[in-house]
Every structure is written in structure tokens, then in C-alpha cells.
Amino acid sequence: STSDPTESGLVGLAMSPVTSDRGQLSAKQTSVNPNFAAVIVQMLKEADVQEGDRVAIGCSGSFPALNICAYAACETLKLEPLVICSASASEWGANVPALMWPDMERLLNKEKLIDIKSIACSIGGVQDRGFGLTEEGIKLVKACIERNGLEKFHVEEAVPITSPKALENLKEDFTKNIDERMAKYKDAAEGMPIKAYINIGGGTISVGKNIGKRTFHPGLNKKAPPDIRRVDGVMPRFSKAGVPVIHLVHINSLANKYTLPLEPPSMPSLGEGGVFKAVDYSKPLVAGVLAFILLCLYGFIRTDVGFRILRTSPTTRHRDLHPEPMV
């Protein structure tokens, strides 16, 4: 189809009852490249994550291809991923009511393609409360969570905001939802530290609303941004605690950085892209050359060799002064 030229099956519909937000078709088409798994592997290595480490993941149905790439990266590095997902999706994501992201995750496990299952699943939508979904959409999302046997969150679904008190309650629920997610990650980690957090998409609870989405740059953020104190969300909390975070948004920008094709007309082959290419140097050779240069400089400074080499004028040649060693 024109919306999914690679026939990946991972680019969804323009609109459906379980579509929670707007989405960019170009980004969804770019995201189906399986080589994004290598990009995530590279970022995890740069974050100094080691085999057996626990990694937290926050994902939704908005980028199902990137979810799969993140799972594949974790399994390649033999990590222990702790996943909390959201069932609804933005435009062109996993927004087919009969085949949402929790369904995909279950099928991938059933076919033994992955061995990762989410520890919990939310409704999704703005603030994880289903904002943007119709009543029918919320019912379909709840049914998806139930049929896949995933643990639900306690935060209630969207209600009309009719008073200042209701708005204040909404702010409290936002904080409570973040608290609940952090508690689930902590419980699942079983006392072990979480060494990285991967956010996929722009979920407000995960990134910290729009301000959080702008504060972190796409890709790996090893240190907390300067103005992170005024942002609350799962990713900001991990970052404040010194945990490296991988922010998978602005997918076309990330593709350009790693020289992956934008909106590929056919499925890219495995192993294609700048992430697979690097200039490598022989460390022993470099160390040897540097040592030789330093030795030459020392001899040049501490002896009169430099003086003799640079002595070019006739006047200088007839001088009887012996140069003092340079300090």
C-alpha cells in the first residue's frame, strides 16, 4: 500500500477508534527499518550497559517496529528488560483494534521470536488516561489489555474537566501515575539497579509532557539536561537519578544521524547504515608513535640538537656561545 510501501505490516491506519493522537506517517515509514535495532545496541553500549543488567523500557503502540527493535537489542546484549507499555497508538501506529501492540507482543512470544513480556499496560492517550479516545475506543483498549493478560494501572480513564477542582485532580493523577510506574519498575528490578531507560514515542507520563519531550535530545542522554528539575515524568526521574536515558523520538533525525534511509520504498537489508561503519585505530601503534614523538621533543629541548638544526645564518655559525639547555 502507499502508506506501507515496504509491506512491513507495522504501519497502521490513518484513524481508528483506538487512535489516541496525531502521528507523522513519514516517521512511521522510516521506523520499520530493522537496522534501528543496531542503533539501539550502539546507544546501550555507549551507556555502559553490561550483560545481565536490568533496563527499563516505556513504549506504546505508536512505533511497534521500534518496540521490536528495542526488544531485539536487549536480547542481543543479554539484558533483562522491564517493560511497561501502553495499548493505544497514534496515527499510523499499531492502531488496528484487533491487532494492537499487546497483541503483537503476545504473538511474538508465542512464535518464540522474543522472550519479553510487559510487566504492566496502561490505556495510553494523554496522561495515560485515554484522553483522545472515544468511549468505544477505551472499551476496545481495555479489552486488548485483558485478553493479553497484562496488569492494568489503577488510574481512571478520562473524564470531562468541568471545574478547577477537576483540573487539580488531573494534576494529582499525573503524579500518581508516574509514582505507580516507578514503583512497578522498582518491584520488577528486585533490588537490582536499573542501568538505563528506553523511551519509545512521546507518551506524556514517560517523557514528562511536551516540555520533557523538548528537554531531552533524541537518542542517548547520558547526563540530565540543565533544566530538568522543573520536569516530572518517568524519564526525567530516571535521569535525575543518574540513569542514562535513550529517547527515541524525531525518528527521521535519528535516521539521518546514523545514515539510515528515510521512508524506504522497500525493506532495507540487514547491516546497512552508518551505525555499522566506524574508523578504528590500532591503540598499540598510536601509543608507540606518541611515545616516539615525545622522546624526540625531549631530546630537542634538553640538548643542543635543536640549536644546531636551526642555526642557519653565517653570523650564528661563528658564535662560540654554547646554547644552554631549554627548561
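Described in the following lines is the structure provided in the data block. Note that the structure is predicted; figures quoted are calculated from it, not measured. (Residues numbered from 1 in each chain as written. Predicted model: local features only at pLDDT ≥ 70, side-chain atom pairs only at ≥ 80, totals over all residues. Heavy atoms only, no water.)

Some thoughts on the overall build of the protein
- Scanning the protein for helices and strands turns up 13 helices and ten strands.
- Across the 327 residues in the protein, those meeting the buried criterion constitute 48%.
- Partitioning the contacts of the protein with sequence separation of at least 6, the portion at a separation of at least 24 is 79%.
- Element-wise, carbon and sulfur atoms account for 57% of the exposed surface of the protein, whose accessible area totals about 17,500 Å². (Helix = DSSP H or I, 4+ residues; strand = E, 2+ residues; numbered from the N terminus. Buried < 20%, exposed > 50% of the residue type's maximum accessible area, 1.4 Å probe, protein only. Contact = heavy atoms within 4.5 Å. Areas by Shrake-Rupley, 256 points an atom, 1.4 Å probe, with all protein chains shown as cover.)

As for the nonpolar core
- With 59 residues, the main nonpolar core has F36, L44, I57, I198 and I200 as its most contacted residues.
- For this core, the leading source of residues is helix α2 (residues 36-46), giving eight residues.
- Those residues in contact with I200 that sit more than four places away from it in its chain are I57, G58, C59, S60, F63, L66, N67, A70 and L248.
- Core analysis: the next-biggest nonpolar cluster, separate from the first, contains 22 residues, F174, Y185, V207 and F216 among them. (Core = buried A, V, L, I, M, F, W, Y, C linked by side-chain atoms within 4.5 Å.)

Digging into the packing of α2 against helix α3 (residues 64-76)
- The geometry of α2 relative to α3 is characterised by a closest axis approach of 8 Å and an angle of 50° between their N-to-C directions. In this view, α2 runs oblique relative to α3, as classed from their interaxial angle. At the point where α2 passes α3, the crossing takes the right-handed sense. Contacts between α2 and α3 involve F36, A37, I40, V41 and L44 from the first element and L66, C69, A70, A72 and A73 from the second.
- The residue makeup of the contact of α2 with α3, split by class, is ten nonpolar, no polar and no charged. (Axes fitted to C-alpha atoms, helices over the stretch in contact; angles between N-to-C directions. Parallel < 35°, antiparallel > 145°, perpendicular 65-115°, else oblique. Left-handed = near helix turned anticlockwise from the far one by under 90°. Nonpolar A, V, L, I, M, F, W, Y, C, P; charged D, E, K, R; others polar.)

Notes on the packing of α3 against helix α4 (residues 101-110)
- At a minimum axis separation of 11 Å, α3 and α4 run at an interaxial angle of 40°. Taken as a pair, α3 and α4 cross one another with a handedness that is right-handed. When α3 is examined against α4, the residues P64, N67, I68 and Y71 are found in contact with a partner set consisting of W101, M104, E105 and L108.
- Along the lines of polarity and charge, the residues of the contact of α3 with α4 split into six nonpolar, one polar and one charged.

Some points on the sheet that holds strand β9 (residues 219-221)
- Strand order in this open sheet of six strands is β7-β3-β2-β8-β10-β9, and the pairing throughout is mixed. The two strands at the open ends of the sheet, each matched to only one other strand, are β7 (120-122) and β9. Each strand axis lies, on average, 20° off the axis of its neighbour in the sheet, ignoring direction.
- For strand β8 (residues 194-200) and strand β10 (residues 245-248), the ladder comprises four bridges, and the chain directions are parallel. Directly across from I200, in β10, lies its bridge partner L248.
- Against the sheet, α2 touches β8, β9 and β10, its axis set at about 155° to β10. (Pairing = 2+ DSSP bridges.)

Description of unusual backbone geometry
- In this structure, D48 is a non-glycine residue whose phi angle is positive, near 65°.
- By secondary structure assignment, the location of D48 is in the loop between α2 and β2 (54-59).

What to know about the packing of aromatic side chains
- In the structure shown here, the tally under the stated rule is four aromatic pairs.
- Consider the rings of Y71 and W101, whose centres lie 5.8 Å apart with planes at 70°: the pair is edge-to-face. Of this pair, Y71 sits in helix α3 while W101 sits in helix α4; the two residues are 30 residues apart in sequence, bridging distant segments of the chain. This pair shows no difference in class: Y71 is buried, exactly as W101 is.
- On the numbers, 5.0 Å between centres and 20° between planes, the contact of Y197 with F238 is stacked. (Phe/Tyr/Trp six-rings, centres within 6.5 Å; stacked < 30°, edge-to-face > 60°.)

Note that every value here comes from positions in space, so none of it alone points to a role or purpose.
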